[in-house]
Amino acid sequence: MEDNLVIVESPAKAKTIEKFLGKDFLVKSCFGHIRDLVKKNLGINIEKNYLPQYEVPVEKKKIITDLKKSVGKSKLIWLASDEDREGEAIAWHLSEVLDLPKEKTRRIVFNEITKEAILTAIKNPRDIDINLVNAQQARRVLDRLVGFELSPLLWKKVQPALSAGRVQSVAVRLIVEREREIISFKETSSYKINAVFATLNKNEKNIEFKAEIPETFNTKQEALNLLNKCINAEFIVRDINIKPAKKSPSPPFTTSTLQQEASRKLGFSVSQTMTIAQRLYEDGKITYMRTDSVQLSNLAISTIKNQIFETYGEKYVKPRQYTTKTKGAQEAHEAIRPTYINNSTISGTKPEKRLYELIWKRTVASQMSEALFEKTNITISVSTVPEKFLASGEVMKFDGFLKLYKESPDEENNDKAVLLPVLNVNDKLNNLEITATQKFSHYPPRYTEATLVRKLEELGIGRPSTYAPIIGTIQQRGYIVKEDRPGINRNYTIITLANKKITETIKNEITGIEKAKLFPSDIGMVVNDFLFQHFKGIMDYNFTASVEKDFDEIADGKMQWNKMIDRFYKPFHEKIENTLEKTDKSRGERLLGIDPICGKKVFVKIGRFGPIAQIGETENSEKPKFARLRKGQHLETITLEQALDLFKLPRNLGNFENAPIVVGIGKYGPYLNHNNKFYSLNKDDDPLEIKLDKAIEIIETKREKEKQKIIKTFENNKELLILNGRWGPYISFNNQNYRISKKYKPEMLTFEECLEIINNSKKTSKTKNKKV
């Protein structure tokens, strides 16, 4: 009989824990199971397949049977699932599914998978915290009630196969509202004035430095007037202000700050960061990775202090404890940190090493001294105008934590201090150049995954464990796309005063480049509008944040979870029924204007297969015309002219080899159709502008590639081909592909040898199927 059975969630976690426990402990992983709490506690009838549950696939059910056998052979069962609410719920469901006797069951939690932490947890077991379980149940039930009632409504009122959720819909709203801010943004320009001055040093050498007028000038004429007045002006130093400054290190990572920094510095997506962090935790290399606390244990601070002292010296040591300022933060956990501070590097995959290094540096830097600077501001007067120039410089006096960790990628270039020459008040300066550069106002920045996480955290929406699933879900549903978009060329003006002459030049820049930004799709905007119109309460940021507070109250035992759900559900369900009965379908329809040729109305809307343009109305006897919108065109921004252009397709470009070439737009983008064969247009080819010569070039290029793909053909059976593929040569026969072994030279194969390879491949496939 086994003395102790320890149950954890994953095999990786089990394997790591097993290393630290003796032969008296058997460590196994599990799959949880959630029972039907909705009907049991609320009396709400929902279809069976909608019930909240940890699904146990059929092939995994034997794991539960195996666990039950191990339970029967063990004196004590230790439930060691994660220390958050979800982990507590898993522990409770395990105790229910396995029928664990209370006297034999122990609940243990640990923040890090180290021998010391596990043994300490075993010495200090506790009962399952039913309040934490209820808080988790409440979240799952509420989210499913919202999702499973709203989603079928969207199927009927907007489009089939859509979904909605309490938190995901609010996240989509954030992105939609930001996009509309950008669409309605009106760009303005102003002029920024900079100057280059020179002064003589003690060796009679010219020392140059830059200064600027802090204010901007609204018009070109205002900037030009100032430059004209500066032609014969004197420039005198009026004030020199020198003051010390310091920069403090950031706290250790929480879940959200790790996701943000890994996105900025490493280019990781939110889900990628969490997957890697999960592996690091389960391998015992970092502490628990789902936390909103910035606190470190006293032992960790002491260890970090010694590490800094040994590596950098006493002046770099400044231990400190941080306080969490995030809405609704729970201080039960520690911040994310390495389990062993003396390990600055680890073995593992390259992404694991990079993320671990980021966590290690941030943790150690948080206990280091501030960086010290000396900031100098020099005010320069102009004899002919009231405006003043300001020159600013900064010198690092002590690098402190910056010796180890730069706060953000933008600061990588800040190592070069801006040095100013030694000056005195009333010194006269020589002006070498003054420039007035046209600047443009910029629309609010679109969200990245990292900045969306930060915004959700600021609003108190979601919890550390939910950020990655939220962002993943809204992209999987097609409501949001993450992509790069090119910028556009823009001219700007520079007016220069040099050698008492004013010149004007026009320069060009690319603006509006977007990298890995989140954009709402048309269907995402239509769904958002429908939900906001009919379910403002659900879409309200404060509602979502207040629900999180209710979950916290339940976790503290101050609120009953089923009463909280009941209070929400009854009015919500009434609203669902009312909307289902009384509202029309929502297609995001927008009237663009009138077609000047036929005089019919032109609309854009969501069709069965995506956004479309429509000429004519469905109520009329004459059938309307439809055209699919092109990539990059959107319901809210497309113009009448652009929509009418869509109906010029498909168009006949002319004949080639006695057959017409037709250009059109299909499901996968612009194409050419020639002799019933389709050819994709190149990325830069516009289907409305492409000419016959270019189309023929595309067809002939594709044909040439096809020829190069063919290694060998056979006259006695033209269906059998030897081809070049992405993974090497292969045989194609009757729409089936067969790999060619490296022992053959493909071009030397005979027809009989090809058939032999095909037959052998079929025999191998049958044998494998029998084994399965």
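Provided above is the structure to which this section pertains.
Within each chain, residues carry numbers counting from 1 in the order of the written sequence. The predicted nature of this model means local features are confined to residues of pLDDT at least 70 and side-chain atom pairs, given and counted, to a pLDDT of 80 or more, with totals for whole chains, interfaces and linings taken over all residues. In computing side-chain properties, one takes all heavy atoms of the structure into account and sets aside hydrogens as well as water.

1. Observations concerning the packing of aromatic side chains
The way to describe two aromatic rings as a pair is by their centre distance and the angle between their planes.
Item 1. Here a pair means two rings of Phe, Tyr or Trp (six-membered ring of Trp) with centres within 6.5 Å. Their orientation is stacked below 30 degrees between planes, edge-to-face above 60, and tilted elsewhere. In the structure shown here, the tally under the stated rule is 14 aromatic pairs.
Item 2. Plain terms: the ring middles of Tyr-281 and Tyr-288 are 5.2 Å apart, the flat faces sit at 70° to each other, and that makes the pair edge-to-face. Grouping residues by exposure puts Tyr-281 and Tyr-288 together as buried.
Item 3. Between Tyr-312 and Tyr-316, the aromatic rings sit 5.9 Å apart at their centres with planes inclined by 50°, giving tilted as the arrangement.
Item 4. Accessibility expressed as a relative area gives 22% for Tyr-312, which makes it partly exposed.
Item 5. Note on classification: 1.4 Å probe, protein chains only; a residue is buried when its accessible area is under 20% of the maximum for its type, exposed when over 50%, partly exposed between these limits. Accessibility expressed as a relative area gives 6% for Tyr-316, which makes it buried.
Item 6. Through a chain of ring-to-ring contacts, the aromatic side chains of Phe-197, Phe-209, Phe-235 and Phe-389 assemble into a single cluster.
Item 7. Here, a charge over a ring is recorded when the distance from Lys NZ or Arg CZ to the ring centre is within 6 Å and its angle to the ring normal is within 35 degrees. A cation sits over an aromatic face here: Arg-178 above Tyr-447, 4.7 Å from the ring centre.
Item 8. One residue, Lys-265, lies across the ring of Tyr-405, its end atom 4.2 Å from the ring centre.

2. Re the sheet that holds strand S19 (residues 651-656)
Note: strands within a sheet are paired through backbone hydrogen bonds, in either parallel or antiparallel orientation.
Item 1. The criterion for strand pairing is that DSSP finds at least two bridges linking the strands in question. Secondary structure elements are taken from DSSP: a helix is a run of H or I of four residues or more, a strand is a run of E of two residues or more, and numbering for both begins at the N terminus. Taking strand neighbours across the sheet as the criterion, the 4 strands line up as S19-S20-S21-S22 in an open arrangement whose pairing is antiparallel. If you trace the sheet from one side to the other, it starts and ends with S19 and strand S22 (677-680), each paired once. Each neighbouring strand pair of the sheet contributes to a mean axis angle of 30°, computed without reference to strand direction.
Item 2. Across 4 bridges, the pairing between strand S21 (residues 669-674) and S22 is antiparallel. Counterpart to Asn-673 in the pairing with S22 is Phe-678.
Item 3. Of the strands in this sheet, S19, strand S20 (659-666), S21 and S22 touch helix H20 (residues 692-709), which is tilted by about 65° from S19. To obtain an axis, a line is fitted to C-alpha atoms, over the contacting stretch when the element is a helix, and the angle between two such axes runs from 0 to 180 degrees between their N-to-C directions. Contacts between residues were defined by any pair of non-hydrogen atoms, one from each residue, lying within 4.5 Å.

3. With respect to the sheet that holds strand S26 (residues 736-739)
Item 1. Sheet architecture is open: 4 strands sit in the order S23-S24-S25-S26, paired in antiparallel fashion. Both outer strands of the open sheet, strand S23 (710-713) and S26, are each paired with one neighbouring strand and no more. Averaged over all adjacent pairs, the angle separating strand axes in this sheet is 30°, with direction ignored.
Item 2. Along the sheet, H20 contacts S23, strand S24 (721-725) and strand S25 (728-733); its crossing angle with S23, the most-contacted strand, is approximately 65°.

4. Regarding the environment of Gln-159
Item 1. For Gln-159, the location among the structural elements is in the loop between helix H6 (130-157) and helix H7 (168-184).
Item 2. The class for Gln-159 is buried, based on a relative accessible area of 16%.
Item 3. With 364 residues separating them along the chain, Gln-159 and Ile-523 place their C-alpha atoms 8.8 Å apart.

5. Points about the packing of helix H9 (residues 255-266) against helix H13 (residues 449-459)
Item 1. Axis separation between H9 and H13 bottoms out at 8 Å; the angle between their running directions is 160°. By the angle between their axes, H9 is roughly antiparallel relative to H13. The crossing of H9 and H13 is left-handed. In contact with Ser-256, Gln-259, Gln-260, Ser-263 and Arg-264 of H9, H13 contributes Ala-450, Val-453, Arg-454 and Glu-457.
Item 2. For the contact of H9 with H13, the per-class residue count stands at 2 nonpolar, 4 polar and 3 charged. Here roughly perpendicular refers to angles of 65 to 115 degrees, roughly parallel to angles under 35, roughly antiparallel to angles over 145, and oblique to all remaining angles. Handedness of each helix crossing follows the sense of rotation of the near helix against the far helix: counterclockwise by less than a right angle gives left-handed, clockwise gives right-handed. Amino acids outside the nonpolar list (Ala, Val, Leu, Ile, Met, Phe, Trp, Tyr, Cys, Pro) and the charged list (Asp, Glu, Lys, Arg) are all regarded as polar, and Gly is one of them.

6. Observations regarding the layout of surface pockets
Regions of empty space are outlined by a rolling probe, equal in size to a water molecule, passed over the atoms.
Item 1. Definitions used throughout: a 1 Å grid over protein atoms alone; a cavity as a set of points that fits a 1.4 Å probe which cannot get out; a pocket as an open set with protein on both sides within 12 Å along at least five of seven lines; a lining residue as one with an atom within 4 Å of a point. Grid points are joined across faces, edges and corners, and a volume is the space filled by probe spheres set on the points. Considered as a void within the structure, the second largest pocket measures approximately 1400 Å³ in volume.
Item 2. What lines the second largest pocket is a set of 42 residues, and nearest its centre among them are Arg-139, Asp-143, Ser-465, Thr-466 and Pro-469.
Item 3. Where the lining of the second largest pocket is concerned, the elements lending two or more residues are helix H4 (85-97), H6, helix H10 (270-282) and helix H14 (467-476).
Item 4. For the lining of the second largest pocket, the element with the highest residue contribution is H6, accounting for 11 residues.
Item 5. For the lining of the second largest pocket, the residue count by class is 13 nonpolar, 16 polar and 13 charged.

7. Re the side chain of Arg-320
Item 1. Here Arg-320 lies in the loop between helix H11 (298-312) and helix H12 (350-365).
Item 2. Using a relative accessible area of 16% as the deciding quantity, one classes Arg-320 as buried.
Item 3. Any pair of nitrogen or oxygen atoms within 3.5 Å is treated as a polar contact; in protein, a donor-acceptor pairing is required on top of that, and neighbouring residues in sequence qualify only through side-chain atoms on both sides. Looking at Arg-320, its side chain comes within polar contact range of the main-chain oxygen of Ser-366, at 2.8 Å.
Item 4. Side-chain polar atoms of Arg-320 contact the backbone oxygen of Met-368, separated by 2.8 Å.

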